[in-house]
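The lines below spell out each chain.
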Amino acid sequence: MVNKVLTANRLSDGISVWLDASGNWVEQLQQAFIARHAEAVTALEATGKLAFDDNKVVDANVVDVEEVNGTLRPLRMRERIRAEGPSIPYAAGYNGLAGPNFAA
Amino acid sequence: MYRYDEFDHAFVSSRVDQFRDQVERRLSGELAEDAFKPLRLMNGVYLQLHAYMLRVAIPYGTLSSRQMRMLAHIARKYDRGYGHFTTRQNIQYNWPRLSDTPDILDELASVEMHALQTSGNCIRNVTADHFAGAAADEVADPRPYAEILRQWSSVHPEFSFLPRKFKIAVTGAERDRAAIQVHDIGLHLKKDENGRIGFAVYVGGGQGRTPMIAKKIRDFLPEEDLLSYTTAIMRVYNLHGRRDNKYKARIKILVHETGAEELSRQVEVEFAALKDTELKLPEADIQAISTYFAPPALEPRAEGWESLARWKKTDAEFSRWVHQNVQPHKHPDYGMVTISLKPIGGIPGDATDAQMDAVADIAEEYAFDEIRVSHEQNLILPHVALADLEPIYRALVVAGLATANAGLITDIIACPGLDYCALANARSIPVAQEISTRFGAPERQAEIGELKIKISGCINACGHHHVGHIGLLGVEKKGSELYQITLGGSGDENTSIGEIIGRGFEPEKVTDAIETIVDTYLGLRNDKSETFLEAYRRVGPQPFKDALYGGSAQEAA
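Residues numbered from 1 in each chain as written. Chains lettered and ligands numbered in written order. Predicted model: local features only at pLDDT ≥ 70, side-chain atom pairs only at ≥ 80, totals over all residues.

**Q** Explanation requested: the domain arrangement of chain B in the structure shown.
**A** How big an interface is tends to be stated in terms of the accessible area lost upon association of its parts. Residue and element names in this part refer to chain B. Along its sequence, chain B is carved into domain 1 (6-109), domain 2 (127-292), domain 3 (303-398) and domain 4 (424-556). For domain 2 and domain 3, the distance between their C-alpha centroids amounts to 32 Å. On the side of domain 3, 12 residues touch domain 2, which itself brings 9 residues to the contact. Split by residue class, the side of domain 2 that touches domain 3 holds 6 nonpolar, 3 polar and no charged. (Domains from an automatic or database assignment. Contact = placed C-beta atoms within 7 Å. Nonpolar A, V, L, I, M, F, W, Y, C, P; charged D, E, K, R; others polar.)

**Q** Is there a simple way to think about the sheet that holds strand β5 (residues 91-93) of chain B in this case?
**A** Sheet strands pair by backbone hydrogen bonding; their relative direction is either parallel or antiparallel. Residues and elements named next belong to chain B. Read across the sheet, 5 strands follow the order β1-β2-β5-β4-β13 without closing on themselves; strand pairing throughout is antiparallel. The open sheet terminates on both sides in strands that have one partner only, identified here as β1 (45-47) and β13 (350-352). The sheet shows a mean angle of 30 degrees between the axes of neighbouring strands, direction not considered. As defined by bridge partners, β1 adjoins strand β2 (residues 52-56) across 3 bridges and the pair is classed as antiparallel. From the neighbouring strand, valine 45 faces β2, where its bridge partner is leucine 54. (Pairing = 2+ DSSP bridges. Helix = DSSP H or I, 4+ residues; strand = E, 2+ residues; numbered from the N terminus. Axes fitted to C-alpha atoms, helices over the stretch in contact; angles between N-to-C directions.)

**Q** What is the right way to look at the pairing of strand β4 (residues 57-68) of chain A in this model?
**A** Residue and element names in this part refer to chain A. Strand direction decides the pairing type here: strand β1 (residues 3-10) and β4, joined by 7 bridges, are antiparallel. Residue asparagine 9 lies in a different strand from β4, and its bridge partner there is valine 58. Where β4 and strand β5 (residues 71-74) come together, 4 bridges link them in antiparallel fashion. Bridging across to β5, glutamate 66 finds its partner in arginine 73. Here β4 folds back onto β5 in antiparallel fashion, the turn holding 2 residues, of which asparagine 69 has a positive phi close to 50 degrees.

**Q** How should I be thinking about the packing of helix α14 (residues 429-438) of chain B against helix α16 (residues 507-524) of chain B in this particular structure?
**A** Any two packed helices are characterised by the angle at which their axes cross and by the distance between the axes. Residue and element names in this part refer to chain B. The N-to-C vectors of α14 and α16 enclose an angle of 40 degrees; their axes lie 10 Å apart at closest approach. On the basis of the axis angle, α14 is oblique to α16. In the packing of α14 onto α16, the handedness of the crossing is right-handed. In this structure, α14 uses Val431, Glu434, Ile435 and Arg438 to contact α16, whose residues at the interface are Pro507, Val510, Thr511, Ile514 and Glu515. Classifying every residue of the contact of α14 with α16 gives 5 nonpolar, 1 polar and 3 charged. (Parallel < 35°, antiparallel > 145°, perpendicular 65-115°, else oblique. Left-handed = near helix turned anticlockwise from the far one by under 90°.)

Here is the structure:
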C-alpha cells in the first residue's frame, strides 16, 4: 500500500498544514503522521472530515507519499510544491526551491 | 480618472462591513465553508495551494499614484512584500490571511478600490486598451464606456448568477491592444460615416479548454444603445447558456452551438424590446462620465526632441529602452512608456512594494499621476513628455524596472502556474524564467524582433497561450510536467488561435525547443522586417515541425 498523510489549509490564514501523530496541525510535512495501512487511512479521512466540520481547516485531503532516505516525499508534484513552497525565488529573503533539495 | 460619488463610497463601504461580519462568523464557526465560499469569492478571496489569494480589481487597468501606493502598502503590511499583476489588468496577493482580508478591503475602499466581481459567475472587471486616451491611433477613449459598463454590471441583480463568468473588453483603435476577439463580449469603438460614435460588437470569444474567436454580430451599434444591447446579449445568454455542464457554460459554446446568425437574431429580438427603455444612455450621462477621463492638459514641450536626441547619442542603453518601450502619443511632444515587469530571468508580472512605490512617485512627478496595467502584465505611463524620458529612465533603473523588452521575446506572459495556483497542472514561472534568461541578450532580442510567448499552467489558459505567437501549455503526464507548444496564435485585430505543433516537451527540453523554433524562423524569414507571426502565416507549421521532430510524422503526431 502507498503511504499516506493528511493535509489541509488552515482556516484562519490558509497556510498548508499536515496532521502529526499527536493530532496537531503542523506546517512541516516531515512531521506528518504516516498512515501505512488501510485502517490508518480511514482514520485520517475521518479526522480530516472532523477538522473540516469543526472549522479548523479547509480543503482536507489524504495524499500519497513515499519515504526516501527517511524523508517524506509526496508522489504528486502539486503536493511537493504545497509542502515546500513555490519553486522559485519570489521575495526578499526567500530563495525558492530551485536548489538541489527540490526534486521536480 | 473616475472618482467615486457618495453612492459608490457608501456601497463599497457597506460591502466591506458585510464581508467583515461574514469573515468573523466564518472564523467563529458560525458559518460553514460551503456557505462561506461563495461569499468570499464574491469579494475576490480564493484559496490557493499555499494560502488564500486576494484578487483586487483595477477597472480597465487605470490607477492613480495614490492607489498604487496603497497596493504597495498592502503588499508590505498584509502580504510578503510583492504582488502579481494579471492578464485581466488586476493585481493578486498570494499570501493574505483570511482574518486580515476585511482590513485590506477597508484600506482599498479608502482609495476607491475593491475586489468585487473578481471571481464568480458574474460580469468581471471590464478591460480596455492600456494606451486608452493617449494612443495616436485612437478614435475615442474606451474607458468612459468601460466605466459605464462597470457601474451597470456591479451587483446587477439579473446578472450576478450567470451560467459562468463573463468578460468584456473595449478598444478604441483599429489596432486591438485589448484582445477583444477572445472575450465574451468585445467592443470596438469606432465612428460611422456621419462621425457618430458607436461600436462593432463581437460575441462568443474566449480561451480556456475550447478556444473560440468571437463573431461580429453588429458592425455599428450607436453609443446610446450600449447598455440595452449588452443587456439583450446577457439575457439571451442567461436564458440559454449551458448550466448543465461547467465546461460548456461560457457564451462561446452557446454562440457555437446556436450559430452566430441565430444568436444575433435572438439578441435583436430582445434589443427591440429594450432599445427605448431607461437603458438608453442619455448624451448627458455619457458626457458626465467622459469628463472624468478628460486627458491632462499637455503643454507643448518641443524642447524634448532635441534633448532626447542628445541623450540617445550618449547612452546606448537609454536609446534601446526608448526604442522598445516608448510609443507615439497623440501629442507629438509626448510618449507612452511601458514599464516592463519582465526583468531578464524574473517573474512575469510581479512587482515588489518598493517598485510599486517607485512607479507611483514617478507617475506623480512626471506622468500626470496616471498609471495603467496592461493585459500583458506590464505597467504603463500613458502621458510622458519626451523631455522627461531621461529622468524617468534613471529612476526606473534604480528601481530595477528599466528592462528594454516591450513586445520582444522576453516580454513573456505567464500565469502563476503550479507554484501558486490550485487549478494548475504544471509550473509556468520557471519556464518563463529559463526562456527569458536564454534569450536575454539585448542584441539577440532585437535581432528576433516582435515575438510574443505566452505560458499557461493548465487548460484554463490564464496565460493566454492560445493567442501567443508561441504558446506553451503545461500539462501533467504520468505525474510529470509536459509542455505542449502552439504556434501562430495572436490576440490582436487579426486574432488567431495557435496550432499545436506536435508532441510536448519535458521541462528541461522546452527552452531548447523554443530556440529551435526561433532559429527556424530566423532562417526562413524574408528579411528582418518580416515578424515571426507574419513568417509563420506565410510558411505554415511544417518547417517548424521538421526542425523540432526531424520530419517524423509519428513524432509530430
